[in-house]
Every structure is written in C-alpha cells, then in structure tokens.
Amino acid sequence: MSSKSEALAPVPERVERDLLDLARIRDPESGGWTRTVFSEPYRASREWVRSRMIDAGLDVHPDGAGNLVGVLHGRNPAAPALVTGSHTDTVESGGRFDGIVGVLGALELVRQFAEHDIRLERDLLVIDFLGEESNEFGLSCLGSRALAGELTAAHLDRRDYRGDRLGDRYTAFGLDPSGVLAASGWTAARPLHRYVELHVEQGPLLEERGVSIGVVTAITGIERMLATFAGRPDHAGTMPMGDRRDALVAAAEAVLAVRREGCGAPTHGVATTSRLSSEPGSPNVVPGTVRMHAEMRSVDSDWLSSAMRRLTEEIRLKAAGYGVEVEVEWSRDNERVPANPAVHDAISGAADTLGIAWEPVPSGATHDAVHMARLCPMGMIFVPSKAGRSHCPEEWSELDHIRTGIQVLGATIMELDRTHD
Ligand code: HGY
Ligand code: MN
Ligand code: MN
C-alpha cells in the first residue's frame, strides 16, 4: 500500500454538500426522495450529476445505454481501465444514500487524487448507471445490464401493469433502443481491469457488529413471481360461503406461504409479496381474478431454487382447496454473484493498512456490480445503514462512515491500479 493512499483525506463537508444538493431534486408529489428511472426528476438529477462529474475534472460522455461515464485519464490509456460508480435513481419514496454514496463518493475520490497530485497508471471510469432500481417492468440494473450485454430485445418488449412498453420508455427519455442494445460494444473496445463499488449496506449487520466497513462476499440471487389466480366472480350477498371460488382468499393463503418460505432459509434468504391486484374490486362481488407479485432472494442458490419449487406447489395446493386455479410464473432478475476473491482481499487489505475494522458480509440487495462482474473482476465496499433501514425516507448513513468508505475505496483503487492480470 503506497503512503499516498494513506494521505487521502476525503472532505466530508463537500460530500455532504453534494448529498444535500442532489437530495433537492426529487418528485414533489411523492413522499421521501423519489427519482424513478425515466421520470422528469431523474432526468434533471442526471444533468446535475453530469455537471458535478465535469466539475471534478472528469471527461464525461453518456454511453448508448444512458449511463453517465466520467473518465479520469491515467498515464497509460492503453491499459485496461479501473471502474467504480453506482446509481442515483431511487425507489418510490426512497432515501438519500442508496447508490448515491457510490457516485458522490467516487467524485470526492477523484477530487482527492487531483489535490494530492496522484496520477493513476490506468484510466479510472466513474459511472452513474441508468435505472438500477427494480422497476414496473420487473427489471433492475438497466444501465449495467446493457453494458454487460445482458439487456435483450425481449426485455425492451416487456410491458408494465399500465401496458407501457420498456423500449418506448427509453425512446421517450431520449435514448435510441437500438443504441441501448448495442451499448456493450464500447466495453468490448475498451477492456476493463477491475470494478469496485462503494454502497450503503441497507441492512443491520455492520451497525450490530460495530464496524464501519463491510467487504461483500456475494450478491444475492433474485427470482420474481407473478401468480394469477382464476376464481369465479359471484354476488357477494347471495353466493353461500361454501360454494365460492374466491380468488383473493387463495391469494391470501399464498401471501402467508411466501412469508413462511422466506422465514425458513438456513442462511441468507428472504421472500416478499409486494402487490395484489384484485378484480373486479367491487365491494359486492366475490373476487374472480387476482394478480400477485412477489420475489425471493438468497445468496444460497440451491436453497433458492428448492424454495421456489416448494412455494409454487404450496400455492397451487392451497388454491385448489378453494376451487381456484392459479398460474405461477417466475422470472430471474439476477443470479447470485460472488465477489472476486482477489478484489475482496484488495479491499480488506486496504482497510487493514488504514487500521479500519471490517467484516465480510453478504449483500441481500442487488447492485450494478452483479452485471459489471461479467466484464471484469468485481468487489464491493459497504458502509453502515442506520438501524439497517433503506428504500425509505428514514434511510441514513453517517458522514464519518461515508468518509471512511471513500478512504478504503481510494486505497483499493490505488492498489488495483498496480496489479496486472
Ligand atoms: O432491489 C435491490 O436489491 C436494489 O436496491 N435495487
Ligand atoms: Mn442501490
Ligand atoms: Mn435500492
């Protein structure tokens, strides 16, 4: 570890100013902080991010997939590039730190390199990825997925519950869908060396263990479920209870089955039902059709696939008991992805050298790092989330922890700059 990396002294006040400035750009109609992908607040926020990238001295260009790519030129432009970054979109009524810490922390790091006259051998790419959050199309990490060549024409044909087509949302946002699908081309022409992402943990482990740095061991797999219950609409006042085929009662059994499965995981595993839509929805009609959206996650791929099978079987059996038919469809958001051991060790080694306590932690959240791992060895650095809360207005991380995260990110980047395949 070079002495220069120990000289890095991120300025919390600058990071705090950026966090507060970006937090001002949000949907005024929603609670918390809302900048969902393709929305007007999101469009405005990316203009702000782009200008802050330029202010930090980066050479900025949007790629075909809507990612903002800032380049800090190194001494050897021919060398495979280092990459860091994250996302600045939010969930509906989300918080101010998820993803944002990784983008703004990288900008502070770039300013630190300039102020300490540190010139890397390799280019450092700082990327604000488009649309990391899972959206109504059931697809997270739009920008990094496209960059990794994993976004397909079939994905662009997906429709949300309003019937809008994903490809048309890109077009309305000013992005050419054919350019989105071709975006992976630039990474083919520009080999990447290592990817390291700084992110808030979004869970309680680091705070419980009293450490300020988490080194991610693996990122969870995510499977999404759409169950469509077909019962029979009837007059709610006249059809005897025993003769009903109530789709919503069958769905209620399924919601509890999702929770039971999630609570049964031997290591990390979770399951959540997020939406029920019941038709016709009139107070005097027995529900005939219900659509139920749920997801399951685990860093244990074997458990995840067996839990999906068990859950599908249980939902069908319970529905049959009410005379209700059900179609259960699963779609993969992403599979479990381990962090690269050498990058994991570069991060933990940087923390050790800086005298910072760290813990290995699994990530129950997905990240752009899942897709960047397709392009080069990947690692992630976590900083604590207060009370483990995230995806809500209460989301909070202490500036001091963010500063420590930037220090570890900087020391890791400098270490990886010197490594060769
Ligand atoms: O859904 C997730 O895990 C991430 O926050 N997009
Ligand atoms: Mn995130
Ligand atoms: Mn998120």
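Since the structure is predicted, the reported quantities are computational estimates derived from the model, not experimental observations. (Residues numbered from 1 in each chain as written. Chains lettered and ligands numbered in written order. Predicted model: local features only at pLDDT ≥ 70, side-chain atom pairs only at ≥ 80, totals over all residues. Heavy atoms only, no water.)

A few words now on the coordination of the manganese ion (ligand 3). Around the manganese ion (ligand 3), the protein supplies Asp98 (OD), Glu133 (OE), Glu133 (OE) and His391 (NE2) as donor atoms, at distances of 2.1 to 2.7 Å. Between consecutive donors of the manganese ion (ligand 3), the numbers of intervening residues give the motif D-x34-E-x257-H. Separating the manganese ion (ligand 3) from the manganese ion (ligand 2) is a gap of 3.6 Å, bridged by Asp98, which donates to each. Of the two residues, Asp98 sits in the loop between strand S3 (81–87) and helix H4 (100–115) while His391 sits in the loop between strand S13 (378–383) and helix H15 (399–417), which places them 293 residues apart along the sequence. Judged by relative accessible area, Asp98 falls into the buried class, the value being 7%. Classification of His391 as partly exposed rests on a relative accessible area of 39%. (Donors = N, O, S within 2.8 Å, 3.2 Å for Na, K, Ca; no water. Helix = DSSP H or I, 4+ residues; strand = E, 2+ residues; numbered from the N terminus. Buried < 20%, exposed > 50% of the residue type's maximum accessible area, 1.4 Å probe, protein only.)

Let us look at the site of ligand 1. The environment of ligand 1 is formed by Glu132, Glu133, Ser134, Arg297, Ala365, Thr366 and His391. Here an oxygen atom of ligand 1 sits 2.6 Å away from a polar atom, N or O, in the side chain of Arg297. Side-chain polar atom of His391 to an oxygen atom of ligand 1: 3.0 Å apart, as the coordinates give it. (Near = heavy atom within 4 Å. Polar contact = N/O pair within 3.5 Å; in protein donor to acceptor, adjacent residues only side chain to side chain.)

Turning next to the packing of H4 against H15. The relative placement of two packed helices comes down to the angle between their axes together with the axis-to-axis distance. Interaxial distance between H4 and H15 falls to 9 Å at its minimum, and their mutual angle equals 60°. The angle between H4 and H15 falls in the class oblique. Handedness of the crossing formed by H4 with H15: right-handed. Residues Val101, Gly105, Ala106, Glu108, Leu109 and Phe113 of H4 lie in contact with H15, whose contacting residues are Ile402, Ile406, Leu409, Gly410, Ile413 and Met414. (Axes fitted to C-alpha atoms, helices over the stretch in contact; angles between N-to-C directions. Parallel < 35°, antiparallel > 145°, perpendicular 65-115°, else oblique. Left-handed = near helix turned anticlockwise from the far one by under 90°. Contact = heavy atoms within 4.5 Å.)

Shape is all these values report; function is a separate question.
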